[in-house]
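Structural characterization, general
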Amino acid sequence: MKKVIFIILGLLAVTGIVAFMVWKAQSGNTKVLTGKVGRQDLASVVSGTGQIKPKTYVNVGATAMGRVTHLFVKEGERVTKGETVASIENVQQESSVEAQKATISAARTDISSYIAAEKTAEANVEHAKADLEQKNLDFQRAQGLYKDGIMAKQDYDAKKAAYDTDVASVAQAVAGLNQAKAQTDSARGHMQMQEATLRGNLDMLGRTIAIAPFDGIVTNEPIREGETVVEGIQNAEGSTLMTLADMSVITAEVKVDETDIVNIQIGQPADITVDALPGRVFKGHVTLVGDQAILRSTGVATSQSTTGTEEAKDFKVVVTLDAPDPDLRPGLSTTAKITTANKSNILTIPIQALTNHVPEKLDTHGKPVLVSATTTPGVKPPAPIQGVFTVKNDNGKLRAVFVPVTTGITGATDIEVLSGLNEGQELVIGPYKTLRTLKSGSLLKRDETKPSAATPAPGS
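Residues numbered from 1 in each chain as written. Predicted model: local features only at pLDDT ≥ 70, side-chain atom pairs only at ≥ 80, totals over all residues. Heavy atoms only, no water.

So, the pattern of salt bridges
- Taken as a whole, this structure holds 20 salt bridges when the rule is applied.
- Between D164 and K160 there is a salt bridge; the shortest N-O distance is 3.1 Å. Here D164 pairs with K160, and both are found in helix α3 (residues 153–206), just four residues apart, close to one helical turn.
- Under the relative-accessibility criterion, D164 is labelled partly exposed at 36%. (Salt bridge = Lys/Arg side-chain N within 4 Å of Asp/Glu carboxyl O. Helix = DSSP H or I, 4+ residues; strand = E, 2+ residues; numbered from the N terminus. Buried < 20%, exposed > 50% of the residue type's maximum accessible area, 1.4 Å probe, protein only.)

Encoded structure:
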């Protein structure tokens, strides 16, 4: 029995010694999470938040001062082009139009009388010409008789006087005709002036009626019937009767962070989601990329800001929906996910594997070589470079080896690798705190436990 006990105690002692040696051998190992370089389809997506806006909308303003007598449409109703949507009191404008119409009617009557006088003058001219023709024949006969000595001098003189009188009568009749024509032309000119005044009065009357400039929907109606509105003068805005929006072309106007705006171009596809319509995705494409930075805190363009403080900035991006939907309304909060790049079957790694690191010098065994902390005067220390820590099997021991990499497009959780790695290589992907302090040549130990939460990416 004692022999058995001694054997058991010996086995326990050996087991303990082996466990101690294993623990001691691994006590200097860094526990890390690992992943592998793989291939997949990758899309780079930039997100922006904003609101739904119609491509075309207009504030229908008051073009006359007065009290609103009637609103023919309500907010949310659809209107057609040319439809009357509101009216303003127009007693004075209507009276001006009616008075001007009466003036024009009187002018037309005057023109008619002048035309009649013109006709009378024309008849007088014709009568005078006919009488002159008769007197001319009598005078010619008298000249022949007087030469032959048949007609007395007194009678000859009477014929000549009658002829001269008719010549003067014709001239007088022609002058009367010209005067009548001049009066008619003057009356026509005055009537044209009155008609021009009427057009002005009609325009002033038309300004008291608001007309829809296009088919659309009433998105805002800030006034009520009975309120007094004013028209804009110089730099002062006039009263707004309502806002009309053409919902045949709908856009999502979103703000994109300045770090992402360089990747956005006209025509890129986008998925639009609206908070008020969960579960629905609307397709669209980028139609405008703003070139003016907007301060995130105030929403004012940097060119209009008077402060010199540095803060986060956004850029405006407009995405036009491919197919309008009747459920969409202006002002609805929206999120646009714009696909800036899309590649198939490319080499990728998890984003959290990337780190910035100054490569250490390693000896022939892969262990880091100690370098003096002092720097040579005038010589800058090496700058950190982008890369990853690969896992190298060194005679059964796992060591970290820093490898510089060149990256391409970035997806939601992965990033494209252009150079530096091969498919299937094992990488250190976390934890992030470990990646920040990890050195090339350090011994590693795989962490087989599953993390309870996602490892944060660098810089998060």
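Topic: unusual backbone geometry
- The omega torsion of the bond from G430 to P431 falls at -5°, within 30 degrees of zero and hence cis.
- Residues other than glycine seldom take positive phi values, yet N395 does so here, at roughly 55°.
- Summarising the element assignment, N395 is placed in the loop between β15 (385–394) and β16 (397–404).

What to know about the confidence of the model for the chain
- Taken over all residues, the pLDDT of the chain has a mean of 85, while the share at 70 or more is 87%.
- Mean pLDDT per element in the chain: helix α1 (residues 2–26) is the minimum at 59, and strand β10 (residues 269–274) is the maximum at 95.
- Note that residues 20–27 has pLDDT below 50 and, in this model, one contact with residues that lie over four places away or in other chains.
- The model gives residues 452–460 a pLDDT under 50, and that stretch makes 14 contacts with residues more than four places away or in other chains. (pLDDT = per-residue confidence, 0-100. Contact = heavy atoms within 4.5 Å.)

Looking at the environment of V286
- With respect to the helices and strands, the residue V286 is situated in strand β11 (residues 277–295).
- According to the relative accessible area criterion, V286 is buried, its value standing at 1%.
- With 33 residues separating them in the primary sequence, V286 and E253 have C-alpha atoms 10.0 Å apart.
- The contacts of V286, once residues within four sequence positions are left out, are I264, Q265, I266, G267, Q268, V317, V318, V319 and I338.

So, the packing of aromatic side chains
- Within the structure shown, the criterion is met by four aromatic pairs.
- Here the aromatic rings of Y146 and Y156 are separated by 4.6 Å at their centres, their planes lie at 15°, and the arrangement is stacked. Residue Y146 is located in helix α2 (residues 91–148), and its partner Y156 is located in helix α3; the two are separated by ten residues in the primary sequence.
- The exposure class of Y156 is buried, given its relative accessible area of 14%.
- Ring pairing ties together the aromatic residues F139, Y146, Y156 and Y163, which thus form one cluster. (Phe/Tyr/Trp six-rings, centres within 6.5 Å; stacked < 30°, edge-to-face > 60°.)

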